[in-house]
Amino acid sequence: MRITVLGCSGSVSGPDSPASGYLVSAPGTAPLVLDFGPGVLGALQRHVDPAEVAVFLTHLHADHCLDLPGLLVWRRYHPAPPTGRALLYGPSDTATRVGTASAEAADDFDDITDTMDVRTWTEHEPVVFGGVTLTPVRVNHPPESYGVRIVDADGRVLVYTGDTGMCDAVVELARGADVLLSEASWTHSPDRPEGIHLSGTEAGQVAARAGVGQLLLTHIPPWTSREDVIAEAKEQYAGPVHAVTAGETFTV
Ligand SMILES: [Zn+2]
Ligand SMILES: [Zn+2]
């Protein structure tokens, strides 16, 4: 299984990266995209035909889903429109929230179900998609938010935290993963609010407690020092640590 970083800038787009989006490819599996934040549709076009992807959303904050109205336009108005609908997994309100973002007037609503086969995550219930299985687990973030554990046909494991504050659930989610793609949105300063994001220190603690093979840091906002976040994680976790950049590809 391979993961390509379409966008990794935390909370907002950055000067060198779209907001959150990750392309996952595996043998016998259509390309899938984890999160679809601003700028992801453009980056996606460098790698695959956007009409071919399924989308899996961790949560409905703008930085994780707001390029989906663009994907609707692509599928509806492309000169050679795709047949069939795109699979879209997400939290409970996915169709409503994306439909509202795509509406033409304040009291309007775009029914996206002509274009998207929208399905709702059920916590701990595996979703089999081609040769991979995705299992969502609720994490510690204000809206309905999931981390996702992805296992391929060879048993290789990729875990993506989505956005989360520190919690036991994210450690269990990451248990024994070959690659942990973990958010690390801020440094470990004492004035951090609870239950929103991980610091570099906490991302390193999750990786160490879960015994993962490799830690990839992501979702670092433009206003946060990458170097400080990396250094914090390395203090807690002895394995390989890398902060991802847009366009990088990793084999899991
Ligand atoms: Zn975010
Ligand atoms: Zn969020």
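Right above here is the structure, for reference.
Nothing here was measured: the structure is a model prediction, and the numbers come from that model.

K.L.:
Explain the overall build of the chain to me, using residue names and the numbers behind them.
P.N.:
Looking only at helices and strands, the chain has 7 helices and 14 strands in total. In terms of C-alpha radius of gyration, the chain reaches 17 Å, essentially the compact-globule figure of 18 Å for 252 residues. A principal-axis box enclosing the C-alpha atoms of the chain has dimensions of 50 × 40 × 30 Å. Contacts in the chain between residues at least 24 apart in sequence constitute 58% of all its contacts with a sequence separation of at least 6. Of the roughly 10300 Å² of accessible surface on the chain, 49% is carried by carbon and sulfur atoms. Each charge sign in the chain was given a centre, from 15 positive and 32 negative side chains, and these centres are 5 Å apart.

K.L.:
Go over the coordination of the zinc ion (ligand 1) with me, naming the residues and quoting the values.
P.N.:
At the metal site, the zinc ion (ligand 1) is ligated by Asp-63 (OD), His-64 (NE2), Asp-163 (OD) and His-219 (NE2), and these contacts range over 2.1 to 2.2 Å. In this structure, the zinc ion (ligand 1) is surrounded by 4 donor atoms whose angles at the metal cover 88 to 164°, and the resulting shape is irregular. Taken in chain order, the donor set of the zinc ion (ligand 1) reads D-H-x98-D-x55-H. Between the zinc ion (ligand 1) and the zinc ion (ligand 2), a spacing of 3.5 Å is present, and a bridge between the two is formed by Asp-163. Residue Asp-163 is located in the loop between strand 10 (157-160) and helix 5 (168-174), and its partner His-219 is located in the loop between strand 12 (215-218) and helix 7 (226-236); the two are separated by 56 residues in the primary sequence.

K.L.:
How would you explain the environment of Gly-155 if you had to name every residue and give the values?
P.N.:
Inspection of the secondary structure assignment puts Gly-155 in the loop between strand 9 (146-151) and strand 10. Spatially, the C-alpha atom of Gly-155 lies 9.6 Å from that of Asp-178, the residues being 23 residues apart in sequence.

K.L.:
Quick one: what's the story with the environment of Ser-25, residue by residue and with numbers?
P.N.:
Turning to its location among the elements, Ser-25 is positioned in strand 2 (residues 21-26). Among the residues examined, Ser-25 registers a relative accessible area of 31% and is labelled partly exposed. C-alpha of Ser-25 to C-alpha of Thr-4: the two residues are 21 residues apart in sequence and 8.4 Å apart in space. Sequence-distant contacts of Ser-25, defined by excluding residues within four places in its chain, comprise Met-1 and Arg-2.

K.L.:
Outline the sheet that holds strand 8 (residues 132-138), listing residues and values.
P.N.:
Taken together, 7 strands build an open sheet; the order of strands is 7-8-9-10-11-12-13 and the sheet is mixed. Strands at the two margins of the open sheet, each flanked by one partner only, are strand 7 (127-129) and strand 13 (241-243). For this sheet, the mean angle separating the axes of adjacent strands, direction not counted, is 20°. Pairing geometry for strand 12 and strand 13, over 3 bridges, is parallel. Considered in strand 13, the bridge of Leu-216 is made with His-242.

K.L.:
Tell me about the coordination of the zinc ion (ligand 2), residues and numbers included.
P.N.:
Ideal geometry at a metal centre: 109.5 degrees between donors when four sit tetrahedrally, and 90 or 180 degrees when six sit octahedrally. Around the zinc ion (ligand 2), the protein supplies His-59 (NE2), His-61 (ND1), His-141 (NE2) and Asp-163 (OD) as donor atoms, at distances of 2.2 to 2.4 Å. For the zinc ion (ligand 2), the 4 donor atoms are set out with angles of 90 to 162° between them, so the coordination reads as irregular. Between consecutive donors of the zinc ion (ligand 2), the numbers of intervening residues give the motif H-x1-H-x79-H-x21-D.

K.L.:
Quick one: what's the story with the layout of surface pockets, residue by residue and with numbers?
P.N.:
Of the voids in this model, the largest pocket is the one considered here, and its volume is about 240 Å³. Each residue belonging to the lining of the largest pocket can be placed in one class, and the counts come to 7 nonpolar, 5 polar and 2 charged.

K.L.:
Which residues make up the pairing of strand 12, and what are the values?
P.N.:
Going residue by residue along strand 12, you find Leu-215 and Leu-217 tucked away on one face and Leu-216 and Thr-218 tucked away on the opposite face as well. The sheet contact formed by strand 11 (residues 179-183) and strand 12 spans 4 bridges and is parallel. Directly across from Leu-181, in strand 12, lies its bridge partner Leu-216. Handedness of the strand 11-helix 6 (residues 200-210)-strand 12 crossover: right-handed. On the question of chirality, the crossover connecting strand 12 to the parallel strand 13 by way of helix 7 is right-handed.

K.L.:
A description of the nonpolar core should follow, citing residues and the corresponding values.
P.N.:
Leu-34, Phe-56, Leu-134 and Leu-158 are the most contacted members of the largest nonpolar core, which totals 29 residues. Sequence-distant contacts of Phe-56, defined by excluding residues within four places in its chain, comprise Leu-32, Val-33, Leu-34, Asp-35, Leu-87, Tyr-89, Trp-121, Val-127, Phe-129 and Leu-134. Counting residues in each nonpolar core, the second largest holds 25 residues, with Val-171, Ala-203, Ala-207 and Ala-243 among its members.

K.L.:
Can you tell me about the packing of aromatic side chains, naming the residues and giving the values?
P.N.:
Evaluation of the coordinates by the stated rule reveals 6 aromatic pairs. Geometrically, the ring pair formed by Phe-56 and Trp-121 is tilted, given 5.8 Å between the ring centres and 35° between the ring planes. Residue Phe-56 is located in strand 4 (residues 54-56), and its partner Trp-121 is located in the loop between strand 6 (116-120) and strand 7; the two are separated by 65 residues in the primary sequence. Per residue, the accessibility class of Phe-56 equals that of Trp-121, and both read buried. Ring pairs connect the aromatic residues Phe-56, Tyr-89, Trp-121, Phe-129 and Tyr-146, which therefore count as one cluster. Lying across the ring of Tyr-146, Arg-138 places its NZ or CZ 5.7 Å from the centre.

Cut-offs used in this document
- Residues numbered from 1 in each chain as written.
- Chains lettered and ligands numbered in written order.
- Predicted model: local features only at pLDDT ≥ 70, side-chain atom pairs only at ≥ 80, totals over all residues.
- Heavy atoms only, no water.
- Helix = DSSP H or I, 4+ residues; strand = E, 2+ residues; numbered from the N terminus.
- Rg over C-alpha atoms; globule rule 2.2 N^0.38 Å.
- Contact = heavy atoms within 4.5 Å.
- Areas by Shrake-Rupley, 256 points an atom, 1.4 Å probe, with all protein chains shown as cover.
- Lys, Arg positive; Asp, Glu negative; His and termini not counted.
- Charge placed at Lys NZ, Arg CZ, Asp CG, Glu CD.
- Donors = N, O, S within 2.8 Å, 3.2 Å for Na, K, Ca; no water.
- Tetrahedral: all angles 85-135°; square planar, octahedral: opposite > 155°, others 65-115°.
- Buried < 20%, exposed > 50% of the residue type's maximum accessible area, 1.4 Å probe, protein only.
- Pairing = 2+ DSSP bridges.
- Axes fitted to C-alpha atoms, helices over the stretch in contact; angles between N-to-C directions.
- 1 Å grid on protein atoms, 1.4 Å probe; cavity = no way out; pocket = protein on both sides within 12 Å on 5 of 7 lines; lining within 4 Å.
- Points joined across faces, edges and corners; volume = space filled by probe spheres on them.
- Nonpolar A, V, L, I, M, F, W, Y, C, P; charged D, E, K, R; others polar.
- Right-handed = clockwise from strand over helix to strand, strands pointing away.
- Core = buried A, V, L, I, M, F, W, Y, C linked by side-chain atoms within 4.5 Å.
- Phe/Tyr/Trp six-rings, centres within 6.5 Å; stacked < 30°, edge-to-face > 60°.
- Lys NZ or Arg CZ within 6 Å of the ring centre and 35° of its normal.

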